[in-house]
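# Fold and contact review
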Amino acid sequence: MSVFYLETGSTDPCYNLAFEQYVLEHRTEGDWLMLWQNANAVIIGRNQNTAEEINPAFIQEHGIAVVRRMTGGGAVYHDLGNLNYSFITDAGDAALQNLSRFTQPVCRALETMGVAAESSGRNDILVDGKKVSGVAQRVHQGRILHHGTLLFDSDRDMIAGALRADPAKFASKSTKSVRSRVGNLKDYLPEGTTIGQFWEALRRELMDEEARPASLTREELSEIRHLAESRYRTWEWNYGKSPAYAVQNRTRYPGGTLDVRMNVQRGILREIRFFGDFMSTAPLDALAEELQGVPRERKAVEEVLSHYELPSLFGTITEEEILSSILD
């Protein structure tokens with residue numbers, strides 16, 4: 001099957017994320033590849049608490065946009081030294097939703113350019129032990145979006161300054177800890193390689209011989225602009241109201257950080273929210289709503305959890321770990 005190739009023609013993160021969502025929801029057949037860039041922005045994972053992921057003073061001082069994406073995982077910094085890629089195709093069964101299905105072609109593409117890259121951890125691509133890419137996924141009506149960053153020549157001081165280091169991830173909270181684990185692909189490519197040349201080389205490697213450029217209609221682009229304004233440029237989507245919770249249990253598991261916040265009255269869950277950088281591929285709203293009014297005891301919570309495909313909601317965080325975070 002041919003690969004259809006799209007570019008957004010923009011560096012506006014709100015527009016680009018709306019563009020990506022639109023393609024996922026409206027291109028229901030075929031394999032699609034997008035390459036795109038955002039101007040300076042922090043892109044927040046779908047389930048993260050924005051206020052806890054960013055350094056607000058630094059963000060304001062440097063005019064950095066803060067935008068929430070529709071996929072799980074952790075917060076990332078984008079600038080014009082970073083290239084983003086998106087694959088959209090049929091999801092298939094759960095086995096085909098493995099991250100390596102998409103990260104391996106990217107690693108092979110980098111290897112053809114002389115860069116020894118490998119998939120590592122939950123959602124990273126590493127070169128020489130340094131993270132050069134972070135990825136995330138979303139499944140929608142039988143289609144899967146897999147997207148990732150490729151750090152070509154990003155400003156590591158900006159990455160470290162804009163994002164709050166999670167002490168569970170780093171031995172030190174200092175920006176040095178963040179800088180030391182992030183690499184730029186430019187350092188491993190032939191001297192003088194530009195991001196434009198890298199973009200073109202990556203496009204060639206990821207597309208087959210029958211690949212063809214595609215475009216959206218004027219009407220579709222208008223719908224994308226509306227989606228950018230009505231969702232991705234709103235405070236409600238990017239920050240959202242976070243009510244005070246009486247109970248909080250934040251734990252870092254092998255599958256990521258799970259932060260459960262609850263209001264409990266007489267043993268009944270009245271409110272519950274899930275935050276974290278775990279690799280979900282589906283929204284958690286329905287689960288959180290169904291848990292409201294349920295006794296905070298194992299059998300009742302287990303019964304609600306049994307109604308859901310937990311890996312799509314929490315990635316590799318296990319049912320026992322979810323129960324522990326809610327009940328302990």
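Report follows, based on the coordinates. (Residues numbered from 1 in each chain as written. Predicted model: local features only at pLDDT ≥ 70, side-chain atom pairs only at ≥ 80, totals over all residues. Heavy atoms only, no water.)

### With respect to the overall build of the protein
Check the secondary structure of the protein and you find 13 helices and 14 strands. Relative to its length of 328 residues, the protein is compact, with a C-alpha radius of gyration of 20 Å against a globular reference of 20 Å. Along the longest, intermediate and shortest principal axes, the C-alpha atoms of the protein span 65 × 45 × 35 Å. By sequence separation, contacts in the protein at least 24 residues apart represent 70% of the contacts at least 6 residues apart. For the protein, the exposed surface amounts to about 15000 Å²; the carbon and sulfur share of it is 47%. Both charge centroids of the protein, one from 36 positive and one from 46 negative side chains, sit 5 Å from each other. (Helix = DSSP H or I, 4+ residues; strand = E, 2+ residues; numbered from the N terminus. Rg over C-alpha atoms; globule rule 2.2 N^0.38 Å. Contact = heavy atoms within 4.5 Å. Areas by Shrake-Rupley, 256 points an atom, 1.4 Å probe, with all protein chains shown as cover. Lys, Arg positive; Asp, Glu negative; His and termini not counted. Charge placed at Lys NZ, Arg CZ, Asp CG, Glu CD.)

### Focus on the sheet that holds strand E1 (residues 3-6)
Adjacent strands of a sheet form backbone hydrogen bonds with each other and so pair up, either parallel or antiparallel. Pairing within the open sheet is mixed, and its eight strands lie in the order E7-E8-E9-E10-E6-E2-E1-E11. With one partner strand each, in any of the chains shown, strand E7 (117-120) and strand E11 (212-213) form the two edges of the open sheet. Where E1 meets E11, two bridges bridge the pair, whose relative direction is parallel. Looking at the pairing, Phe4 lines up with Arg212 of E11. Relative to E7, helix H4 (residues 100-112) is tilted by about 160°, and along the sheet it contacts strand E6 (82-90), E7, strand E8 (124-127), strand E9 (130-140) and strand E10 (143-151). (Pairing = 2+ DSSP bridges. Axes fitted to C-alpha atoms, helices over the stretch in contact; angles between N-to-C directions.)

### Looking at helix H11 (residues 298-305)
Turning to H11, its buried residues number three or more, namely Ala300, Val301, Val304 and Leu305. Taken end-on, H11 shows its buried residues confined to a sector of 135°, consistent with a single buried face. The elements touched by buried residues of H11 are strand E14 (268-276), helix H10 (285-291), helix H12 (310-314) and helix H13 (319-327). At the N-terminal end of H11, a side-chain oxygen is found 3.1 Å from the backbone nitrogen of Lys299, two or three residues along, and the residue is Glu297. (Buried < 20%, exposed > 50% of the residue type's maximum accessible area, 1.4 Å probe, protein only. Arc of directions from axis to C-beta. Polar contact = N/O pair within 3.5 Å; in protein donor to acceptor, adjacent residues only side chain to side chain.)

### Overview of the pairing of strand E12 (residues 247-253)
Where E12 lies against strand E13 (residues 256-265), seven bridges are found, and the strand directions are antiparallel. When the sheet's bridge partners are listed, Gln248 is paired in E13 with Arg261. Hairpin connection of E12 to E13: two residues between the antiparallel strands.

### With respect to unusual backbone geometry
Unusually for a residue other than glycine, Asp128 sits at a positive phi of about 55°. Take Asp128: it is sitting in the loop between E8 and E9. On the basis of relative accessibility, which here comes to 62%, the residue Asp128 falls in the exposed class.

### Topic: the pattern of salt bridges
For the coordinates displayed, the defined rule picks out 16 salt bridges. Of the charged contacts in the structure, one is a salt bridge between Glu200 and Arg204, with a shortest N-O distance of 3.9 Å. Of this pair, Glu200 and Arg204 both sit in helix H7 (residues 195-206), four residues apart, which is roughly one turn of that helix. Judged by its relative accessible area of 31%, Glu200 falls in the partly exposed class. The closest approach of N and O atoms between Arg261 and Asp259, which form a salt bridge, is 2.7 Å. (Salt bridge = Lys/Arg side-chain N within 4 Å of Asp/Glu carboxyl O.)

### Thoughts on the nonpolar core
Residues Leu185 and Phe198 are the most contacted members of the largest nonpolar core, which totals 35 residues. Dropping the residues within four chain positions of it, Leu185 is found in contact with Leu110, Val115, Val127, Val132, Leu150, Leu151, Phe152 and Phe198. Phe19, Tyr22, Met34 and Ile43 belong to the second largest nonpolar core, which has 26 residues in total. (Core = buried A, V, L, I, M, F, W, Y, C linked by side-chain atoms within 4.5 Å.)

### Quick word on the sheet that holds E13
The sheet built from three strands is open, its strands ordered E12-E13-E14 with antiparallel pairing. Strands at the two margins of the open sheet, each flanked by one partner only, are E12 and E14. Ignoring strand direction, the axes of neighbouring strands in this sheet form an average angle of 20°.

### Focus on the environment of Ile59
Tracing the sequence through the fold places Ile59 in helix H3 (residues 56-61). Given the relative accessible area of 7%, Ile59 is considered buried. The sequence separation of Ile59 and Gly161 amounts to 102 residues, and the corresponding C-alpha distance is 8.2 Å. Those residues in contact with Ile59 that lie beyond four places of it in its chain are Val42, Ile54, Ile64, Val66 and Ala162.

### Examining the side chain of Thr89
By secondary structure assignment, the location of Thr89 is in strand E6. When its relative accessible area of 10% is taken as the criterion, Thr89 is described as buried. Of the polar contacts made by the side chain of Thr89, one reaches the side chain of Asp31; its length is 2.4 Å.

Purely spatial values, then, with no claim about function.
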